[in-house]
Structures are given as structure tokens and as C-alpha cells.
Amino acid sequence: MGDSLPTKLAPLQRYVASTLGEQSTPAQVDALLLALARAGHLSVSANGKVEYALS
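Residues numbered from 1 in each chain as written. Predicted model: local features only at pLDDT ≥ 70, side-chain atom pairs only at ≥ 80, totals over all residues. Heavy atoms only, no water.

Trainee: Describe the overall build of the protein chain, and please don't skip the residues or the numbers.
Mentor: Looking only at helices and strands, the protein chain features two helices and two strands. In the protein chain, the order of α-helices and β-strands from amino to carboxyl end is α-α-β-β. When its C-alpha atoms are laid out on the principal axes, the protein chain stretches across 30 × 25 × 20 Å. Classification of the 55 residues of the protein chain by burial places 16% in the buried group. Partitioning the contacts of the protein chain with sequence separation of at least 6, the portion at a separation of at least 24 is 39%. By element, 58% of the accessible surface of the protein chain is carried by carbon and sulfur atoms, the whole surface being about 4300 Å². Taking the average location of the 4 positive side-chain charges in the protein chain and that of its 4 negative ones, the two points are 10 Å from each other. (Helix = DSSP H or I, 4+ residues; strand = E, 2+ residues; numbered from the N terminus. Buried < 20%, exposed > 50% of the residue type's maximum accessible area, 1.4 Å probe, protein only. Contact = heavy atoms within 4.5 Å. Areas by Shrake-Rupley, 256 points an atom, 1.4 Å probe, with all protein chains shown as cover. Lys, Arg positive; Asp, Glu negative; His and termini not counted. Charge placed at Lys NZ, Arg CZ, Asp CG, Glu CD.)

Trainee: Account for the nonpolar core, with residues named and values stated.
Mentor: If you look at the biggest cluster of nonpolar residues, it comprises six residues: L12, V16, V29, L33, L42 and V50. When residues of this core are traced back to their parent elements, those giving at least two are α1 (9-20) and α2 (26-38). L12 has contacts with P6, L33, L42, V50 and Y52, leaving out every residue within four places of it along the chain. (Core = buried A, V, L, I, M, F, W, Y, C linked by side-chain atoms within 4.5 Å.)

Trainee: Provide a residue-level description of the environment of L34, including the pertinent values.
Mentor: Following the sequence through the fold, L34 ends up in helix α2. Through-space distance from the C-alpha of L34 to that of V44 is 9.7 Å; in sequence the pair is 10 residues apart.

Trainee: Lay out α2 with the relevant residues and their values.
Mentor: Taking 1.5 Å per residue as the helical rise, α2 with its 13 residues ought to reach 18 Å, and the 18 Å between its terminal C-alpha atoms agrees with that figure. One or two steps after α2, the chain reaches G40, where phi turns positive at roughly 85°. (Expected span 1.5 Å × (residues − 1).)

Trainee: Run through a nonpolar patch on the surface, naming residues and quoting values.
Mentor: A cluster of nonpolar side chains, L5, Y15 and L54, forms an exposed patch at the surface whose accessible area comes to about 320 Å². Locating Y15 in the fold gives a position in helix α1. Judged by relative accessible area, Y15 falls into the partly exposed class, the value being 42%. (Patch = residues over 30% accessible without salt bridge, like charges linked within 9 Å, V, L, I, M, F, W, Y side chains within 5 Å. Salt bridge = Lys/Arg side-chain N within 4 Å of Asp/Glu carboxyl O.)

By themselves, these figures tell us nothing about what the structure is for.
Have a look at this one:
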């Protein structure tokens, strides 16, 4: 585990894209992050700060 998760939206998008692989599209990354937000796993403030709901 060791790595900390990004706390800003743009770095999180890059992290997710690199995890999904070269074939991922920005739309796929955004759809995944939106699904995670709707499920209550993370939230993004208006200024792009990401907060995680880790249990």
C-alpha cells in the first residue's frame, strides 16, 4: 500500500487513468470517478479537493 492517494482531482484522474491502462479514455476515468462519488466512496469539492470515505 505505501502510496497515499491524491488529494486533488487532476492527479487522481491521472492516477486512475494509469491504473486502467493506455486504452482508457478521459470519459471512462470520469465515469468511474462519478460512480465512486455516487456510491459515497469519495467527494470532490468545487475547488477540486478530493476527500475519501475510507472505513
